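Chain by chain, the residues run as shown.
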2 protein chains.
Amino acid sequence: MDKKKSSSLSGVKEIARRANVSIATVDRVIHNRKGVSQETKDKINEIIKEIGFQPNILASRLASKKTNRFLVIIPQSAENEYWEACNKGIDRSYAEIKQYGISVDKRFYDLDNKQSFVKLVDSTSIVPYDGVLLAPSFFDEGVRLASRCKENNIPLVFVNSDIPGEDSLSYIGPDLYKSGRQAASLINFGIQKGKVLIVNISKEIDTYHHLLRKEDGFRAYFNDLPSKQPALIKLDIRDTREEIIEKMVDECLQQHPNIEAVFVTNSRVRVIARYFEKQHIDKILVGYDVIKDNVHYLKQGVIDFLIGQKPEEQGYRGLTSLFQHTVIGTNIPKYCFMPIDIITKENVEFYRN
Amino acid sequence: MDKKKSSSLSGVKEIARRANVSIATVDRVIHNRKGVSQETKDKINEIIKEIGFQPNILASRLASKKTNRFLVIIPQSAENEYWEACNKGIDRSYAEIKQYGISVDKRFYDLDNKQSFVKLVDSTSIVPYDGVLLAPSFFDEGVRLASRCKENNIPLVFVNSDIPGEDSLSYIGPDLYKSGRQAASLINFGIQKGKVLIVNISKEIDTYHHLLRKEDGFRAYFNDLPSKQPALIKLDIRDTREEIIEKMVDECLQQHPNIEAVFVTNSRVRVIARYFEKQHIDKILVGYDVIKDNVHYLKQGVIDFLIGQKPEEQGYRGLTSLFQHTVIGTNIPKYCFMPIDIITKENVEFYRN
DNA sequence: CTGAAAGCGCTTACAG
DNA sequence: CTGAAAGCGCTTACAG
């Protein structure tokens, strides 16, 4: 059923013919290269406009044999489904764009070890790259890398968390504050008159700060409420060992017997869920991230809602943005916030990260 | 920062060199064209495997000058935001693939006028096309078109609603039954002990059948509940005039004073919302589709939840699937269910259709 | 400031 | 059954 394309009357050849110049000259004008008289340039530009010329990117890439290298710096995905998904998204993007002569170097750091990030940032030269995709889990080194990109005029895209104020091509990730509000609104829809517990679990101070942004949004929602404002209890756990977490939650629940709902500000909600299941505790439980353990407890009915942040899509969009900006010349929005996905037992089977 | 690609040692040329044949023969083997001795064929295939040859699609398309035409049949998008979004998704896909020599013909029918669909299907020849994207709002004619596609060996993709049993390349759209379950679960999370009203609004019998699938899922959720099973009231409105709808809802609410939540099985939830707002009725209200009016009432707090069905993505994926199947040779999944998106006042600003 | 020619990796008649 | 040659739309040295 395939047809042959009619020979193009809108390519460089046609422009050259009309302008009475060679196609080399047309090419110079198209790419704003110097060495063309203003007169010829004007004439050619007019014809380009007239026939609505759009260069054939396939042919262009094929002929130029240009290659672009991108650098990706994200957390290790071993044993971390969230970052595994992000990594997968990057691969999916790469599969689509590699035809265009793109190569990608990935570097991974350990999310639980700030030093691994420091070392990585310090030991990696960004000079050979045409773009950098960075998950800046740690602030100071993120800033350092960002300024190096700026000095070298290399486009930089942040995924998953932003470094506000730094000069980046784009930020692709969640609006943490608003996702906290969302969690609050769900809990508010379900509770009667009990208290609500907020649980932050994190060891590294940098990640703890991210959790605080969610907590802020969560609190703000209730503050903005005209009527019923439940009491909010807060529990900070600066340790990720399960026994410690369980113990602290246990104590807290003893102390506040009428807690009706619990909001865990990250994917560690699985630990609380496990504890609830063991102890046969039945409270509204809301947390983050569609990872295996969490989905298990969602299906069990222990977790009521998960908030998804689309890690796969973040990775996909991150690399794709770099490609589109560099190769296609597309305009990339400065902020690309992920949707705040609400996942329940009923829709989880259709969810795409 | 762009680099030159090193001359490829993995293309047809290299294969030809190693096999001691011309590249024309290599090309014949790659495309399974006849006229090659078994011996040569085997040798070439081995080399292809060995060097992991992957044809350069850019070069292939450029040289072959092949064109593919796709036919799109969907409802008119004038005054219908849902189908406008689908149409937009198709355009977005087209923008990405047109480089490859793709052309798309769109035909629109009137969703409120079955005859327009009948006429369209009967008057359109599918023969010139390499693929058809169809939103089969009306059953019988959908089946007719599907069999014509089958006869002519033209791949067919359904969007938004399926015709089960018909031989299609893919279905891309919602799982209606499960989305009804989702609505039920949200309502169940919020209600205390009142009754629940189900409202189906539709004139055409074919679309009414779609609504019933959602109602089935909705009822099934409550049936599966071990404990609390609220009374379910049902209201069928086979008319789309607002006065009629308001009157019938009004009567129903009179008759059942303790209705606590209302589930409207399509985007007409806006009409109920308008009525609720006018009458200062405060009940849980859940409906479908992220369109302007519904979003307005969501933000007002009149509608509690909207269920989104990603019309834009349906359109995008529909055309993209056709392209990938026909041009790239990708395997397309038979079913691509859209996620069941839960939209609230808090996350609607980040929602992408 | 401008053009002729070769080439990107693949496909397509055409000739044998 | 097989190959030499031209060409897709563009880019790139090179020469002038």
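Residues numbered from 1 in each chain as written. Chains lettered and ligands numbered in written order. Predicted model: local features only at pLDDT ≥ 70, side-chain atom pairs only at ≥ 80, totals over all residues. Heavy atoms only, no water.

### Re the protein's contact with DNA strand C
Piece 1. Near DNA strand C you find 30 residues, and of these Arg28(A), Thr40(A), Val12(B), Asp27(B) and His31(B) are the closest.
Piece 2. Near the protein, meaning within 4 Å, the atoms of DNA strand C are sugar or phosphate in a fraction of 68%, with bases accounting for the rest.
Piece 3. In the model, a phosphate oxygen of DNA strand C is placed 2.8 Å from a nitrogen or oxygen of the Ser22(A) main chain.
Piece 4. Backbone polar atom of Leu62(A) to a base oxygen of DNA strand C: 3.4 Å apart, as the coordinates give it.
Piece 5. Elements that contribute at least two residues to the surface near DNA strand C include exactly helix 2 (23-30) and helix 4 (57-64) of chain A together with helix 1 (12-19), helix 2 (23-30) and helix 4 (57-64) of chain B.
Piece 6. Take the surface near DNA strand C: its biggest share by element is four residues, from helix 4 of chain B. (Near = heavy atom within 4 Å. Polar contact = N/O pair within 3.5 Å; in protein donor to acceptor, adjacent residues only side chain to side chain. Helix = DSSP H or I, 4+ residues; strand = E, 2+ residues; numbered from the N terminus.)

### Topic: the domain arrangement of chain A
All names here are of chain A.
Piece 1. By domain assignment, chain A separates into domain 1 (12-55), domain 2 (68-173 + 311-338) and domain 3 (176-308).
Piece 2. Residue-level contacts link ten residues of domain 2 with seven residues of domain 3.
Piece 3. The three residues of domain 2 that bury the most area against domain 3 are Glu81, Tyr82 and Asp112, which together make up 46% of that side's buried surface.
Piece 4. Linking domain 2 with domain 3 are one salt bridge.
Piece 5. Here domain 2 and domain 3 share two residue pairs in polar contact (both at pLDDT 80 or more) between them.
Piece 6. Partitioning the side of domain 2 that touches domain 3 into residue classes produces four nonpolar, three polar and three charged. (Domains from an automatic or database assignment. Contact = heavy atoms within 4.5 Å. Buried area = accessible area lost by both parts, 1.4 Å probe. Salt bridge = Lys/Arg side-chain N within 4 Å of Asp/Glu carboxyl O. Nonpolar A, V, L, I, M, F, W, Y, C, P; charged D, E, K, R; others polar.)

### Notes on the relation of the copies chain B and chain A
Piece 1. Placing chain B over chain A gives an RMSD of 0.1 Å and needs a rotation angle of 180°, together with 0.0 Å of translation along the axis. The superposition operator between the copies reduces to a two-fold rotation axis. (Least-squares fit on C-alpha atoms with pLDDT ≥ 70 in both.)

### Comments concerning unusual backbone geometry
All names here are of chain B.
Piece 1. Positive phi values are uncommon outside glycine, yet Asn20 reaches one of about 65°.
Piece 2. Position of Asn20 among the secondary structure elements: in the loop between helix 1 and helix 2.
Piece 3. Under the relative-accessibility criterion, Asn20 is labelled exposed at 70%.
Piece 4. Positive phi, close to 50°, is recorded for Lys310, a residue that is not glycine.
Piece 5. One can find Lys310 in the loop between strand 11 (305-308) and helix 13 (311-328).
Piece 6. Among the residues examined, Lys310 registers a relative accessible area of 8% and is labelled buried. (Buried < 20%, exposed > 50% of the residue type's maximum accessible area, 1.4 Å probe, protein only.)

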